[in-house]
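Here are the chains, one letter per residue:
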Amino acid sequence: RSLRRLSLRITRIGDGGGQAVARALSALEVLEELDLGHNAGMSATGAAAVAGALPAALRVLALGGGFGRTDAALALWEALGQRGAGGLTSLDVSSCGGEANAHVVRRALQPLAPSLRTLLLRDNRYLGRDGCWLGLTALLPGMAALRMLQLNGCDLGDVPTAAVVAAAPAGLEHLCLSHNGAGPATAEALERASLPSLVALDLGSDASACPALARVEGTLLRRRGPRLP
């Protein structure tokens, strides 16, 4: 009952395991960090059961690396928001696949947004389709606590990536946007952005392909610090 950190990473949890995890979590009232990443066997049903049992003390949740089948990670993410887990400070839903739209992303993220300091969404290509990224940019301006945002490898495209930059909160310190097809629009957004706290920026190969982007990245890095590895 006094456990504060629990990792069930790469443990092949299916729906039956999800039910067992939910039962165990109900007794871990002071659990602050939970890693369920790299478990690809759970469905949305199992994910919802886990979400319903997450303790109120939870601050860090990692689902990255492929959690569940199809939309299981989104189901858990959304269920977490519905139960009012407003104290979460770090959420990792990287490489979770599935499909979503702007409404689903906004609905799932909105209850968590005020307290999040770290949001890892890298390698989720659904964010680049059908305006799904709009669900994120609608919330970013109000995420005053956010310090790290990873969106690398989401295939957003230049204009959506520029919209993310324009919407980013002023307190953001680490921003990863590589492999999104960023270009001139993103370069212009970075030039105009008010990000005084930014100390690390990753534009990856996109900067190599766009002189304007490389120039802006270089200026920001000289002024604010090293590039993210």
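The rules we used
Residues numbered from 1 in each chain as written. Predicted model: local features only at pLDDT ≥ 70, side-chain atom pairs only at ≥ 80, totals over all residues. Heavy atoms only, no water. Axes fitted to C-alpha atoms, helices over the stretch in contact; angles between N-to-C directions. Helix = DSSP H or I, 4+ residues; strand = E, 2+ residues; numbered from the N terminus. Parallel < 35°, antiparallel > 145°, perpendicular 65-115°, else oblique. Contact = heavy atoms within 4.5 Å. Nonpolar A, V, L, I, M, F, W, Y, C, P; charged D, E, K, R; others polar. Core = buried A, V, L, I, M, F, W, Y, C linked by side-chain atoms within 4.5 Å. Buried < 20%, exposed > 50% of the residue type's maximum accessible area, 1.4 Å probe, protein only. Salt bridge = Lys/Arg side-chain N within 4 Å of Asp/Glu carboxyl O.

**Q** Now, about the packing of helix H1 (residues 15-25) against helix H2 (residues 44-53): what can you tell me, with residues and values included?
**A** Packing of H1 against H2 leaves a shortest axis separation of 8 Å and a crossing angle of 5°. Taken together, the axis directions place H1 and H2 in an arrangement best described as roughly parallel. On the side of H1, the interface is formed by Asp-15, Gly-18, Gln-19, Val-21, Ala-22 and Leu-25, while H2 contributes Gly-46, Ala-49, Val-50 and Ala-53. Looking at the contact of H1 with H2 residue by residue, the class counts come to six nonpolar, three polar and one charged.

**Q** Describe in detail the nonpolar core, supporting the description with residues and values.
**A** Counting 68 residues, the largest nonpolar core has Leu-61 and Leu-119 as the members making the most contacts within it. Mapped by element, the contributors of at least two residues to this core are H1, H2, helix H3 (72-82), helix H4 (102-109), helix H6 (158-167), helix H7 (184-192) and helix H9 (211-224). Setting aside residues up to four positions removed in sequence, Leu-61 forms contacts with Leu-34, Leu-54, Leu-76, Leu-80, Leu-88, Ser-90, Leu-91 and Asp-92.

**Q** Outline the pattern of salt bridges, listing residues and values.
**A** Counted by the stated rule, this structure contains six salt bridges. A salt bridge links Glu-173 to Arg-147; the nearest nitrogen and oxygen atoms lie 3.9 Å apart. Note that Glu-173 is positioned in the loop between H6 and strand E7 (174-176) and Arg-147 in the loop between helix H5 (134-137) and strand E6 (148-150), a separation of 26 residues in sequence. Look at Arg-147 and you get partly exposed, because its relative accessible area is 22%.

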